Protein chains: 2
Amino acid sequence: MQRRKIPLKLIELSEALSLGERSFSSTRFEEEISVELAMNRILAEELRFPRDFPSSDISFYDGFALRSEDTFNASPSSPVILRIVKEITSAGECVLIGGGSPVPQGADAVLRLEEATIDGDKLIVKKPIPKGEGIVRRGSDGRGGEIAIPSGRILRAQDLVLVMELGRSRLRVLRRPIIGIAAVGSDLISRKAQGISYPDSYSFLPFFLLSSYGFEPHHIGIFPDDAEKLANSISSLSSFYDAIILVGGASVGEDDPCHDALLKAGRIIFHGIKVSPGKVSGMGIVGGKPVFLVPAHIGSAMASLLLIVIPLLSSAFYGTKDPYLKLRAKLMRGVEGRPGVLTFRTARVEYRGEYVAEPISKEYGGSLFLTSITRANGFFLIEPGRKLNEGEVIELKLFSPPEALSIPLMEKSKEEA
Amino acid sequence: MQRRKIPLKLIELSEALSLGERSFSSTRFEEEISVELAMNRILAEELRFPRDFPSSDISFYDGFALRSEDTFNASPSSPVILRIVKEITSAGECVLIGGGSPVPQGADAVLRLEEATIDGDKLIVKKPIPKGEGIVRRGSDGRGGEIAIPSGRILRAQDLVLVMELGRSRLRVLRRPIIGIAAVGSDLISRKAQGISYPDSYSFLPFFLLSSYGFEPHHIGIFPDDAEKLANSISSLSSFYDAIILVGGASVGEDDPCHDALLKAGRIIFHGIKVSPGKVSGMGIVGGKPVFLVPAHIGSAMASLLLIVIPLLSSAFYGTKDPYLKLRAKLMRGVEGRPGVLTFRTARVEYRGEYVAEPISKEYGGSLFLTSITRANGFFLIEPGRKLNEGEVIELKLFSPPEALSIPLMEKSKEEA
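Because the structure is a prediction, the values reported are computed rather than measured.

Counting residues at the interface gives 94 residues for chain A and 94 residues for chain B. Between chain A and chain B, the buried area comes to about 8000 Å², and carbon and sulfur atoms account for 62% of it. Linking chain A with chain B are two salt bridges, by the criterion used here. Run the count over chain A and chain B and you get 16 residue pairs in polar contact (both at pLDDT 80 or more). By residue number, the principal contributor to the side of chain A that touches chain B is helix α2 (residues 157-165) of chain A, which donates eight residues.

Here it is as structure tokens:
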């Protein structure tokens, strides 16, 4: 630990985001993949019905295809008798067909099998069957040329079945941006050498978190505290990755190499934001690619990722600055924002007849505490110096979509309540 | 298409579920995997803190570790001067330390660097620093022996970072049950021979859907309409899979082999439920493993999977009968249940200041229509003959968790609204 050699120039979060957004442009890459691998991928083409679906009139159910006019005078007391045949060639005939089968030539209505009375090769019809009954018209599901699935759709199970029905076995989807992640710190290298498996554990927070937001994270390893070497490394890595995240070394003590490495390899967009925790978050551009500086305290890292990295990457690659699942919840405890900065707070939201949010904190805000993150499922921001009272309703964002699985996100079902 | 040779014995959905639940027991298999592959997996062991976290008192921020009592009389007008040293050996000394570093011997408070006035090797203290200020106590994050992550947790990004910090690089998780899925139908085999890539597209509905519910689906292929061969196939497959799903051939026409195959290879638990669509859904047990019969119309298949297959598998393997994300929504249009059966209806739920549900239907309920499923994101049930009015609030379940990504599940944020 040594004194800071450069004072951080802190800027507002909103300014950081707007500078960040203007500093690089994403390339929209597509790839063609098998439909079997396309679950949850984003469709990058417009899929149209190649022909009418269904391609002819079909029967909605198992039953007898018949001529409606033959049954006009049918009644329970005076039934109409139709001959069951293979092909309708004249009045008074009907054909047994299965649900989903084309309606045979000559027929214009279908009597449901369950409602039919059969006597040998005769069908006894006891009521008039209106024209069109039981028939699904050609093109009801989609007309040839109509859009079946619009571009941009997050592909779900049923969409992929439709893709297969459209005759496609491969389709164009957006390539997942590849994000290179590294830890920075000579101390981490020595701890690794001592046999500790994951001294760089905090750098795995973006590794895991980004996979929930449509990105493909690669973990590169640990870089030593050497600005020159780091500058060379990120320069060459910038041609392989859509973005780079450096975890640690983002402070501006003498040993912290990230600031200088960014200056050597490219340029700094901002370094230092008026947010606590997360103050030393930064961003630069190297070889046209964004390089994010994420602090190595767990709470600061979470704040930096959720407030800076994910919004900027999501905006550039997926067109949304705010990809979070949100809900409004009642605060179970009053909390106060620090003066002069936006305060990032974690909370555990639960459903107890209404959504309630328990702010998670220990002494000193908990930015050092893993359990302040593992006990929480979402976060909220407090304006500088603002006091939020117990019972106040706040907007809370979930850390990532899978968090929704571990809480009854919406109201409990009657069975469970 | 031919007449039914066996009448289906229809039972209530609740009875089918309770028969199904009692008919087999799952084996809880665990596997040990790398922490790097464990995202969203279910933890199958209890993880405890191996020691106190942190293992000593640490400083919450960059600053000067000092003896609180030295500062008791400090004030702006009469500041106390402390000597900045490397090690505190006597009164009147302080040590510069970094956030997260152990508090050095002799010190019992930390003055934040930003609040410090420094003059060469002197620290000028203008107010009393209370004992304990700036110090995070040993064990604040977790005491040695305390539970860090309980068994059963769906592992999220932050949990996995904690796993790494606990010193673990591998961990025990529940093995994903492997579900064998096949289409049944000789006609599908001929269509495949004609060069159609996915004539068995509907059998991919469970393939994709089950992957969202923690299962590992394998697609086996297409079986012909031959009860004898099918019985042999499912007998041998039952030793490889945790469950088998047969899509199609579940009706009881002469060509439909599933009913007979189940009788030959094992036993039938139920076949036929009072639900529309989805009536011919069934279930048997072969070699101790459940075999589900799912109809091959898209709407019926969806109903069968969501009402029978997923609840029974989820109950057996994950202990929950109702794994669906739920919400209460206002019906945008009145709908009516069919007499004598539960009606399965799909709907598109959206947030328009409140949740609203638009029932998706075309003429004849749409169970033949792919677009009645692709335009929807959830489902609801209507009691036999019950009429639900426009404006009525119903409980709706989402098809699968990823559906939540395509709608603003909770309220829109202020920025977006």
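The discussion continues.
Residues and elements named next belong to chain A. Per-residue pLDDT for chain A has a mean of 90; in total, 94% of the residues score no lower than 70. Contacts for the low-pLDDT stretch residues 408-417, under 50 throughout, to residues beyond four places or in other chains number 31 contacts. Here the prediction assigns the complex a pTM of 0.87, and the interface score ipTM is 0.87.

Once chain A has been moved 0.0 Å along the axis and rotated by 180 degrees, it coincides with chain B to within an RMSD of 0.1 Å. In symmetry terms, the pair is related by a two-fold rotation axis. Comparing contact sets, 100% of the residues at the interface of chain A also lie at the interface in chain B, consistent with an isologous, same-surface contact.

All names here are of chain A. Strand order across the open sheet formed by six strands is β7-β4-β6-β5-β9-β8, with mixed pairing between neighbours. On the outer flanks of this sheet lie β7 (109-112) and β8 (117-119), each paired with one strand and no other. The mean angle between the axes of side-by-side strands here comes to 35 degrees, regardless of whether they run parallel or antiparallel. Note: strand β5 (residues 80-84) against strand β9 (residues 122-125), four bridges, orientation antiparallel. By the bridge assignment, valine 80 is partnered in β9 with valine 125.

A cis amide bond links phenylalanine 53 of chain B with the next residue in sequence, proline 54 of chain B, at an omega value of -10 degrees. Mapping proline 54 of chain B onto the fold places it in the loop between β2 (47-48) and β3 (58-59). Between serine 276 of chain B and the following residue, proline 277 of chain B, the backbone shows a cis peptide bond with an omega angle of -10 degrees. For asparagine 40 of chain A, which is not glycine, the phi torsion reads 65 degrees and is therefore positive. Mapped onto the elements of the fold, asparagine 40 of chain A is located in the loop between β1 (30-34) and β2 (47-48).

Attention now moves to the packing of helix α4 (residues 204-211) of chain A against helix α7 (residues 298-318) of chain A. Residues and elements named next belong to chain A. Orientation of α4 relative to α7, taken along the N-to-C sense of each, is 40 degrees, at an axis distance of 11 Å. Comparing the axis directions of α4 and α7 gives the class oblique. Both α4 and α7 take part in a crossing whose hand is right-handed. Of the residues in α7, those in contact with Leu205, Pro206, Leu209 and Leu210 of α4 are Ile298, Ala301, Met302, Leu305, Leu306, Ile310 and Leu313. When the residues that make up the contact of α4 with α7 are grouped by side-chain class, the tally is eleven nonpolar, no polar and no charged.

So, on to the pattern of salt bridges. Summed over all chains, the structure comprises 52 salt bridges over all chains. A salt bridge links glutamate 228 of chain B to lysine 264 of chain B, with the nearest nitrogen and oxygen atoms 3.7 Å apart. Residue glutamate 228 of chain B is found in helix α5 (residues 227-237), and its partner lysine 264 of chain B is found in helix α6 (residues 258-265); the two are separated by 36 residues along the sequence. Each of Glu30, Glu32, Arg170 and Arg172 of chain A takes part in a single network of salt bridges with overlapping partners.

With that out of the way, let us pick up the environment of glycine 288 of chain A. Positionally, glycine 288 of chain A belongs in the loop between β18 (282-286) and β19 (289-294). Expressed as a C-alpha distance, the spacing of glycine 288 of chain A and serine 238 of chain A, which sit 50 residues apart in the sequence, is 7.8 Å.

For the rest of this paragraph, the subject is the sheet that holds strand β19 (residues 289-294) of chain B. Residues and elements named next belong to chain B. Taken together, the six strands give an open sheet; going across it, the order is β14-β13-β15-β19-β18-β16, and neighbouring strands pair in mixed fashion. Across the chains shown, the open sheet's two edge strands, defined by having one partner strand only, are β14 (216-223) and β16 (267-271). Neighbour to neighbour, the strand axes of the sheet diverge by 20 degrees on average, direction disregarded. For strand β13 (residues 178-184) and β14, the ladder comprises seven bridges, and the chain directions are parallel. Residue pairing in the sheet places isoleucine 179 in a bridge with proline 217 of β14.

Here we take up α7 of chain A. Residues and elements named next belong to chain A. Where α7 bends most, the angle comes to about 40 degrees, and this point is leucine 305. Among the 21 residues of α7, 19 are classified as buried, and the element is accordingly described as predominantly covered. Looking one or two places after α7, you find glycine 319, whose phi comes out positive at around 75 degrees.

Our focus in this paragraph is the environment of cysteine 258 of chain A. All names here are of chain A. Mapped onto the fold, cysteine 258 is located in helix α6 (residues 258-265). Residue cysteine 258 is classed as buried on the basis of its relative accessible area, which comes to 1%. For the pair cysteine 258 and valine 291, spaced 33 residues apart in sequence, the C-alpha to C-alpha distance is 9.9 Å.

On to the side chain of lysine 397 of chain A. All names here are of chain A. Among the secondary structure elements, lysine 397 is positioned in strand β26 (residues 393-398). Look at lysine 397 and you get buried, because its relative accessible area is 14%. There is a polar contact of 3.1 Å between the side chain of lysine 397 and the side chain of aspartate 322.

What counts, and where the lines are drawn
- Residues numbered from 1 in each chain as written.
- Chains lettered and ligands numbered in written order.
- Predicted model: local features only at pLDDT ≥ 70, side-chain atom pairs only at ≥ 80, totals over all residues.
- Heavy atoms only, no water.
- Contact = heavy atoms within 4.5 Å.
- Buried area = accessible area lost by both parts, 1.4 Å probe.
- Salt bridge = Lys/Arg side-chain N within 4 Å of Asp/Glu carboxyl O.
- Polar contact = N/O pair within 3.5 Å; in protein donor to acceptor, adjacent residues only side chain to side chain.
- Helix = DSSP H or I, 4+ residues; strand = E, 2+ residues; numbered from the N terminus.
- pLDDT = per-residue confidence, 0-100.
- Least-squares fit on C-alpha atoms with pLDDT ≥ 70 in both.
- Pairing = 2+ DSSP bridges.
- Axes fitted to C-alpha atoms, helices over the stretch in contact; angles between N-to-C directions.
- Parallel < 35°, antiparallel > 145°, perpendicular 65-115°, else oblique.
- Left-handed = near helix turned anticlockwise from the far one by under 90°.
- Nonpolar A, V, L, I, M, F, W, Y, C, P; charged D, E, K, R; others polar.
- Bend = angle between axes of the 7 residues up to and from the residue.
- Buried < 20%, exposed > 50% of the residue type's maximum accessible area, 1.4 Å probe, protein only.

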